[in-house]
Amino acid sequence: MSRSRPRARALAVSVLLTCWLLAGSVAFVTPAAAATIEVDNTLAQTDTKGEVDVKTQVTVPDGATSVEITIPEDTDVYETEGFRQSGTDGRTYEWTGGTDRPFVRYELAGNRTIDRGSGEQFLYAVTDEWAVVRSPSISVRATGIDLNIDRSNHVDGEGVAGRHITYLGAYEEHTREAAGQRFRLIESEHGDMRENPDDVLDSLAHAAEGFETGARDDSVLIVAVPSKVDWAATGVQRGDSDMWVRDDERLDTARNTWIHEYVHTRQDYDRTEATRWTIEGMADYYAALLTYEQGRIDFETFQSQMEDGTSDRYSDVQLSDPATWENGRGNYEKGALVFGHLDRRLRADADTTLAAAIAEFNDPGSELTQQQFLDAIETTGSADIRNDAERYTETTETPPVWSRQQHFDAFGGADIRYEFEGFAVSGPYRDATIDSPRVVTGETLEPTVRIRNVGTDAGEYTAELRVDGETAGERTGSLDADEETTVTFQRRFDAASEYELSIGTTTTTAVVEQPADVAVTDLTAAPADPALGESVTLRATVESSADRPADGNVTFAVDGETVATERVRLSDGSVTVEATTTFEESGEYTVTAGDRSTTVSVRSETATPGGTASAPQSTERPGEVTDRPTTPTEGAGSGFGVGAAVLAALAAAVLVGRR
């Protein structure tokens, strides 16, 4: 399509205007009509290592006389239509007028790294299976129209494109509506989220409702990225409402990255050098506070996070001077403490909140100066609180960490506390309560946790049992003020070791041992002087060889030859294990079980079905052998020799005959 006519019309207007001016007349040129240029980026995976494929297409509206775009740095353009390169930067392309839907196709370097003292680490990464990259930012210039730009991003294949962050690869999407916002959690199929996606959305929904400053974007995109990449951060937020978070990040921590990055989406102001610290300090403070108010951490954990700001490594940090904290975490940790101190004072002394002060300056596009920050604190609070803000941001002084009582006097709210109340055990050996968490492999430990709300308001709790730092179970609920409840967890242990059990800040040690060996404490044979062929019952009393459940075999032997083997499992006390055998040759025999022994003296008479003895019928000694693992019950054994079975059958036949 030719684009020469608009330029000809512009020339005609110029000539007419010149003539009118020369004639002394006054004329006005009609303003350019408003029109929208559509800019769409389509991203896809490519075989080129570290890069993604991008097609940037522009829809040119009627009336536009020229259009020029600039694509991102680190690109390799391989196809254009309706655009030609202009300028000297190699990234700027001008519309040739041949089509009203011109495009540029290029490969874009997706990897972005930073060195924070530990070598190059990734902020964005492209792998063979997936990628998380910055969505292309395209600058547009046009003449002939009053320019409006409609930007969009799409994915060719699997993935999700946000305004500022794009994920490429297989995924599962989880959504939630809360506080007028729609949360989209993108779970990569190439990762393994530590937390349940619904729990993450619960935490974000609570934060959306609890954080009371800053505009809420209609949609928030959260990409849970696989943690196997050497990331430079636990999370990154970009633009208005896009962010990524490592998929191994936890919710039950004062450093709740999910909330930290969400708070960034609500910070609408621009900062100066003197107020740069507020960006991360505010996010760190509210991440800890909101997580605590959700009941995912206790006060001691929240308080410990505030105490990090008093570390000696921050003694030279002056928050309003970035040079004093540029290569550390002073703006995060000391910044969080200062925000917390100001929030507590505003609540306790002025019956307002830090959020109200932030609202004084949190306007889109407005620049926050140090003076405006201090003024906002004084406007919502007092001159005295302003003095604190000035002292703790413009000097190296550090505010004190407040106590639990000071916190509840100022904030009110729920105060959830956890403690281990008792322990039980179940499994193959026993089902019982125990004094301490000491079990053997194969058993299931059942800790009971007491949960109390000693705060002033009702609140929710999330009781998470952790074993050596790993989540073993979670119970949630809510408690009114001064209410308490108990919950029980179960955890089976299959390896002997010592394990740290924790719930909130309460910890204890679970001792897991191998089952003890069994020990035979007594052995008898009845009768001890049997006749030839008479059934003899061998009875062993078995106990644990240690102060824990036992598991092992009890082997009955006659003169070293195995007669029967019985498997025994027991908790405490003793059990009786029995086996039967017969003797076909007279004499003395040594019967053993474990380290116990007894003597059986076999008479030369032969047992008869009626119970009387007769002359010997054989001089052979066959000996009956059985090997039947069993688990006897306490006070009774099991085991029935073949000889005894034969005698029982003969006795039954005699009885039938007598009838």
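Provided above is the structure to which this section pertains.
Residues numbered from 1 in each chain as written. Predicted model: local features only at pLDDT ≥ 70, side-chain atom pairs only at ≥ 80, totals over all residues. Heavy atoms only, no water.

Caption draft 1: Fine view of the pattern of salt bridges. For the coordinates displayed, the defined rule picks out 43 salt bridges. Put simply, Arg 347 and Asp 343 hold a salt bridge, and the shortest N to O gap is 3.0 Å. Taken as a pair, Arg 347 and Asp 343 lie in helix H6 (residues 330–350) at a separation of four residues, close to a single helical turn. On the accessibility criterion, Arg 347 (23% relative accessible area) is partly exposed. According to the relative accessible area criterion, Asp 343 is buried, its value standing at 0%. (Salt bridge = Lys/Arg side-chain N within 4 Å of Asp/Glu carboxyl O. Helix = DSSP H or I, 4+ residues; strand = E, 2+ residues; numbered from the N terminus. Buried < 20%, exposed > 50% of the residue type's maximum accessible area, 1.4 Å probe, protein only.)

Caption draft 2: Region of interest: the packing of aromatic side chains. According to the stated counting rule, one finds 19 aromatic pairs in the structure shown. One aromatic cluster is present, built from ring pairs that chain together Tyr 269, Trp 277, Phe 339, Phe 361 and Phe 373. The cationic tip of Arg 391 hangs over the ring face of Tyr 392; the distance from NZ or CZ to the ring centre is 4.8 Å. (Phe/Tyr/Trp six-rings, centres within 6.5 Å; stacked < 30°, edge-to-face > 60°. Lys NZ or Arg CZ within 6 Å of the ring centre and 35° of its normal.)

Caption draft 3: Quick look at the sheet that holds strand S16 (residues 181–188). The mixed open sheet is built from five strands, whose spatial order is S15-S16-S17-S19-S18. In this open sheet, the two edge strands, each paired with only one partner strand, are strand S15 (171–178) and strand S18 (235–238). Neighbour-to-neighbour, the strand axes of the sheet open up by a mean angle of 15°, direction not taken into account. Of the pairings in the sheet, the one linking S15 to S16 comprises eight bridges and is antiparallel in character. Across the sheet, Glu 172 pairs through a bridge with Glu 187, a residue of S16. This element, helix H2 (residues 197–210), spans S15, S16, strand S17 (219–225) and strand S19 (242–246) of the sheet and lies at about 30° to S15. Helix-sheet contacts for helix H3 (residues 257–265) involve S16, S17, S18 and S19, and the interaxial angle to S19 is about 165°. (Pairing = 2+ DSSP bridges. Axes fitted to C-alpha atoms, helices over the stretch in contact; angles between N-to-C directions. Contact = heavy atoms within 4.5 Å.)

Caption draft 4: Representation of the sheet that holds strand S11 (residues 139–143) within the structure. The strand order across the open sheet built from four strands is S5-S6-S3-S11, with neighbouring strands paired in antiparallel fashion. Bordering the open sheet on either side are strand S5 (83–86) and S11, each of which pairs with just one other strand. Each strand of the sheet is rotated relative to its neighbour by a mean of 25°, with strand direction disregarded. In this sheet, strand S6 (residues 92–95) lies alongside S5 in antiparallel orientation, the contact comprising four bridges. The residue of S6 that forms the bridge with Ser 86 is Thr 92.

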